[in-house]
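Each chain, written out:
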Amino acid sequence: MSESRLRTLRDHIRWAVSRFHAENLFFGHGTDNAWDEARQLVLGALHLPYEVADSYLDCRLEDDERAHVQALLRRRILERVPVAYLLGEAWFCGMPFVVDERVLVPRSPIGELIQQGFEPWLAASPARILDLCTGSGCIGIAAAHAFPDAEVVLADLSFDALEVANLNIERHDLEDRVFTVQGDGFDGLPGQRFDLILSNPPYVDAEDFADMPEEFQHEPAMGLACGDDGLDLVRRMLAEAADHLTERGTLIVEVGNSQVHVEALYPEVDFTWLEFSHGGHGVFLLGASQCREHQALFRSRLNG
């Protein structure tokens, strides 16, 4: 690599864009293009805000800063490590979160719903919210920010993920009303009911998982893959959701490309598939009454 002549922020960003294109990097962990990716990495490495004025881009880096930035750029190119892991931080719903390779990089379109206060889908502000398969805790913590009177539970099977979620609870000073629970699906929540259940569970089917770019190999596989059709956990969630929703509660689940499998498995169910202005797809909504109405059906198809 010929980085010896790079001096300014602009030099490093421009060089990175060229190299990212030449190396056919994948962008999908917070950005969707080489320029945004390079800017995020170079500025983030130096603790500068992404929105820094363009005049700052001509500032020269100190030798130690150059060495640090260039080391991260090499890892992004040679090892295909997502930027969020290189920086130890990702942004979701305008909030910073601690992230590392114990959790997925936050990117769920559910964030757009949170920022809209889930309008027009909720009858009232939820008193209790569950973020099931929470990972870093970003969805539940962002929901806690949106609904400042709500109690929020972050549940996950992975103890490692919950360690990260607890760091983020502390980071956002929410220890008084956001709590973590370890368990497989609803197993750690016997008898508990919620007004709003949100979930970005593992849902990638076997075919998609085999074809994923190298960047995804740095993420925990248990947060991505979930059986041949990607629905091993979603089937269980649907079968049990009615037992954990309040009478007028709402269930919102992201299944991404596995939407086709959901529709094929449950043609009788009138899922509401939500639309997004800023990208994303495969997120369904069911009311508690629908979960109760179809619970026998959901249970009958637990094995596919």
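The structure displayed is predicted, hence computed values, not measured ones.

1. With respect to the overall build of the chain
Phase 1 of the analysis: Scanning the chain for helices and strands turns up 12 helices and nine strands.
Phase 2 of the analysis: Against the compact-globule benchmark of 19 Å for 304 residues, the chain has a radius of gyration of 21 Å, which places it among compact chains.
Phase 3 of the analysis: Seen through its C-alpha atoms, the chain measures out along the principal axes to roughly 65 × 40 × 35 Å.
Phase 4 of the analysis: Out of the 304 residues belonging to the chain, those deemed buried represent 54%.

2. Things to note about the UniProt feature "domain: Methyltransferase small" (unreviewed entry) in the chain
Phase 1 of the analysis: Summarizing the sequence annotation, UniProt attributes the feature "domain: Methyltransferase small" (unreviewed entry) to residues 127–208 in the numbering used throughout.
Phase 2 of the analysis: For the annotated span residues 127–208, helix accounts for 30% and strand for 27% of the residues, and the straight-line distance between the end C-alpha atoms is 37 Å.

3. Overview of the packing of helix H2 (residues 34–45) against helix H3 (residues 63–79)
Phase 1 of the analysis: Relative to each other, H2 and H3 sit at 140 degrees, their axes nearing to 9 Å. Between H2 and H3, the angle falls in the class oblique. The handedness of the crossing between H2 and H3 comes out as right-handed. Facing H2, whose interface residues are Glu37, Leu41, Val42 and Ala45, H3 presents His68, Val69, Leu72, Leu73 and Arg76.
Phase 2 of the analysis: The residue inventory of the contact of H2 with H3, partitioned by class, reads six nonpolar, one polar and two charged.

4. Comments concerning the environment of Ile77
Phase 1 of the analysis: Relative to the helices and strands, Ile77 is located in helix H3.
Phase 2 of the analysis: Residue classification places Ile77 among the buried residues on the basis of a relative accessible area of 2%.

5. Focus: the pairing of strand E5 (residues 178–182)
Phase 1 of the analysis: Pairing between strand E4 (residues 151–156) and E5: five bridges, direction parallel. Paired with Leu154 across the strands is Thr180, a residue of E5.
Phase 2 of the analysis: Each parallel crossover has a hand, and the one from E4 via helix H7 (residues 159–171) to E5 is right-handed.

6. Some remarks on a negative patch on the surface
Phase 1 of the analysis: A cluster of acidic side chains, namely Glu170, Asp173, Glu175 and Asp176, defines a negative patch on the protein surface.
Phase 2 of the analysis: Structurally, the position occupied by Glu170 is in helix H7.
Phase 3 of the analysis: A relative accessible area of 48% means that Glu170 is categorised as partly exposed.

7. Some details on the packing of aromatic side chains
Phase 1 of the analysis: Applying the stated rule across the entire model yields nine aromatic pairs.
Phase 2 of the analysis: For the pair Phe118 and Phe147, a centre-to-centre distance of 6.1 Å together with 20 degrees between the ring planes defines the contact as stacked. Here Phe118, found in the loop between helix H5 (110–115) and strand E3 (128–132), pairs with Phe147, found in the loop between helix H6 (138–146) and E4; they are 29 residues apart in sequence, far enough to count as distant.
Phase 3 of the analysis: Three or more aromatic residues joined by ring pairs make a cluster, and in this case those are Tyr266, Phe271, Trp273, Phe284 and Phe298.
Phase 4 of the analysis: Cation over ring: Arg39 sits above Tyr50, and NZ or CZ is 5.2 Å from the ring centre.

8. Points about the UniProt feature "domain: Release factor glutamine methyltransferase N-terminal" (unreviewed entry) in the chain
Phase 1 of the analysis: Per the UniProt record, "domain: Release factor glutamine methyltransferase N-terminal" (unreviewed entry) is annotated on residues 21–88.
Phase 2 of the analysis: Between the end C-alpha atoms of residues 21–88 the distance is 24 Å, and the span holds 53% helix and 0% strand.

9. Section: the environment of Ser136
Phase 1 of the analysis: Along the chain, Ser136 falls in the loop between E3 and H6.
Phase 2 of the analysis: For Ser136, a relative accessible area of 2% gives the class buried.
Phase 3 of the analysis: Note: C-alpha distance between Ser136 and Met237 (101 residues apart in sequence) is 20 Å.
Phase 4 of the analysis: Excluding residues within four positions of it along the chain, Ser136 makes contact with Val98, Val99, Val103, Pro106, Val164, Ala165 and Asn168.

10. A few points about the pattern of salt bridges
Phase 1 of the analysis: Summed over all chains, the structure comprises 18 salt bridges.
Phase 2 of the analysis: Between Arg75 and Glu79 there is a salt bridge, with the nearest N and O atoms lying 3.3 Å from each other. With Arg75 and Glu79 both in helix H3 and four residues apart, this pair spans about one turn of that helix.
Phase 3 of the analysis: Note that Arg301 is salt-bridged to Glu268, the shortest N-O span being 2.6 Å. Of this pair, Arg301 sits in the segment after helix H12 (295–300) while Glu268 sits in the loop between helix H10 (259–265) and strand E8 (272–273), and the two are 33 residues apart along the sequence.
Phase 4 of the analysis: Since its relative accessible area comes to 43%, Glu268 is described here as partly exposed.
Phase 5 of the analysis: A single salt-bridge network, built from bridges that share partners, covers Glu37, Arg76 and Glu215.

Parameters and conventions
- Residues numbered from 1 in each chain as written.
- Predicted model: local features only at pLDDT ≥ 70, side-chain atom pairs only at ≥ 80, totals over all residues.
- Heavy atoms only, no water.
- Helix = DSSP H or I, 4+ residues; strand = E, 2+ residues; numbered from the N terminus.
- Rg over C-alpha atoms; globule rule 2.2 N^0.38 Å.
- Buried < 20%, exposed > 50% of the residue type's maximum accessible area, 1.4 Å probe, protein only.
- UniProt positions renumbered as here; feature names shortened; annotations may be inferred.
- Axes fitted to C-alpha atoms, helices over the stretch in contact; angles between N-to-C directions.
- Parallel < 35°, antiparallel > 145°, perpendicular 65-115°, else oblique.
- Left-handed = near helix turned anticlockwise from the far one by under 90°.
- Contact = heavy atoms within 4.5 Å.
- Nonpolar A, V, L, I, M, F, W, Y, C, P; charged D, E, K, R; others polar.
- Pairing = 2+ DSSP bridges.
- Right-handed = clockwise from strand over helix to strand, strands pointing away.
- Patch = residues over 30% accessible without salt bridge, like charges linked within 9 Å, V, L, I, M, F, W, Y side chains within 5 Å.
- Areas by Shrake-Rupley, 256 points an atom, 1.4 Å probe, with all protein chains shown as cover.
- Salt bridge = Lys/Arg side-chain N within 4 Å of Asp/Glu carboxyl O.
- Lys, Arg positive; Asp, Glu negative; His and termini not counted.
- Charge placed at Lys NZ, Arg CZ, Asp CG, Glu CD.
- Phe/Tyr/Trp six-rings, centres within 6.5 Å; stacked < 30°, edge-to-face > 60°.
- Lys NZ or Arg CZ within 6 Å of the ring centre and 35° of its normal.

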